[in-house]
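The lines below spell out each chain.
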Amino acid sequence: MNMNAEQILEKLKESLGNALLTYEIKEYTMGVRRKRTLYEIWAEIDKSAFRKAVETIFNIDYPHLHFITGEDTGGDVIKMIYSFGIYHGHPGGEISITLKFDLPKSELVLPTITDLMIGAETNEREIREMLGVEFEGLKNKRHLFLPDDWPEGKYPWRRDEHGVDDMVKYMHKSVKEIRKKGEGNA
């Protein structure tokens, strides 16, 4: 039998203890003729508990990965957000779990979750190239969106010294270099 949102939150509390900093359960009603209620758990955690939180979710049910993203708000941290859905495929029974935590720019390293879910690779590679977060254990570190000759240490989603202006500048430079070499009709 599936756990409800309150039971899942209790599991996270048991597993993470004081590393579960804040949390809330959001409830939404959808539908006109066939109303159904959806639940979301939003949890802010200490970054040291990240892997334990993900493993706790996997122990409840194999999740669906909604997304992994990060945001540079201009301070000393990257705000990381991981969103999973458990009981995926059970009509009206899926519960979303969103984990949020701050990752200091001085230590932009997280363990990969590709050993638990190979589908996370694309998301981790995107965050790596766009924000500079390293994922320990990530095997494939090739770029997804940026050119292969993109300068090391330049991250388009960062608001600090290496931002969108550099992305545009280097993107056009790469196109010009390709045209000079005659390697295509770019």
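Provided above is the structure to which this section pertains.
From a predicted model like this one, the values you see are computed outputs, not experimental measurements.

**What to know about unusual backbone geometry**
A negative phi angle is the norm for most residues apart from glycine, just as the trans form is the norm for most peptide bonds.
Item 1. Although it is not a glycine, Tyr87 sits at a positive phi angle of roughly 60°.
Item 2. With respect to the helices, strands and loops of the structure, Tyr87 is situated in the loop between strand 4 (77-86) and strand 5 (95-104).

**Regarding the pairing of strand 2 (residues 36-45)**
Item 1. In terms of strand pairing, strand 1 (residues 20-30) meets strand 2 through ten bridges, oriented antiparallel. Residue Thr29 lies in a different strand from strand 2, and its bridge partner there is Thr37.
Item 2. Counting the residues between successive antiparallel strands, the hairpin from strand 1 to strand 2 contains five residues, one of them, Gly31, with a positive phi of roughly 95°.
Item 3. By the bridge criterion, six bridges tie strand 2 to strand 5 in an arrangement that is parallel.

**Considerations on the pattern of salt bridges**
Item 1. Scanning the entire structure with this criterion turns up ten salt bridges.
Item 2. Note that Asp115 and Arg51 form a salt bridge whose closest N and O atoms lie 2.6 Å from each other. Taken together, the positions of Asp115 in the loop between strand 6 (109-111) and helix 3 (121-131) and Arg51 in helix 2 (residues 50-60) put the pair 64 residues apart, joining distant regions of the chain.
Item 3. With its nearest N and O atoms 3.3 Å apart, the salt bridge here joins Glu134 to Arg128.
Item 4. Classification of Glu134 by relative accessible area gives partly exposed; the value is 29%.
Item 5. The exposure class of Arg128 is buried, given its relative accessible area of 17%.
Item 6. A single salt-bridge network, built from bridges that share partners, covers Arg51, Glu55 and Asp115.

**Some words on the pairing of strand 4**
Item 1. Burial runs high along strand 4: seven of the ten residues are buried.
Item 2. Bridge count between strand 3 (residues 64-72) and strand 4: eight bridges; the pairing is antiparallel. Counterpart to His64 in the pairing with strand 4 is Gly85.

**Points about the nonpolar core**
Item 1. With 40 residues, the main nonpolar core has Met80, Tyr82, Phe84, Leu99, Leu110 and Val133 as its most contacted residues.
Item 2. Those elements that provide at least two residues to this core are helix 1 (5-16), strand 2, helix 2, strand 3, strand 4, strand 5 and helix 3.
Item 3. Among the elements that take part in this core, helix 2 stands out by supplying six residues, more than any other.
Item 4. Setting aside anything within four residues of it in sequence, one finds Leu99 in contact with Ala43, Ile45, Ala53, Val54, Ile57, Met80, Ile81, Tyr82 and Phe84.

Reading the values: rules and limits
- Residues numbered from 1 in each chain as written.
- Predicted model: local features only at pLDDT ≥ 70, side-chain atom pairs only at ≥ 80, totals over all residues.
- Heavy atoms only, no water.
- Helix = DSSP H or I, 4+ residues; strand = E, 2+ residues; numbered from the N terminus.
- Pairing = 2+ DSSP bridges.
- Salt bridge = Lys/Arg side-chain N within 4 Å of Asp/Glu carboxyl O.
- Buried < 20%, exposed > 50% of the residue type's maximum accessible area, 1.4 Å probe, protein only.
- Core = buried A, V, L, I, M, F, W, Y, C linked by side-chain atoms within 4.5 Å.
- Contact = heavy atoms within 4.5 Å.

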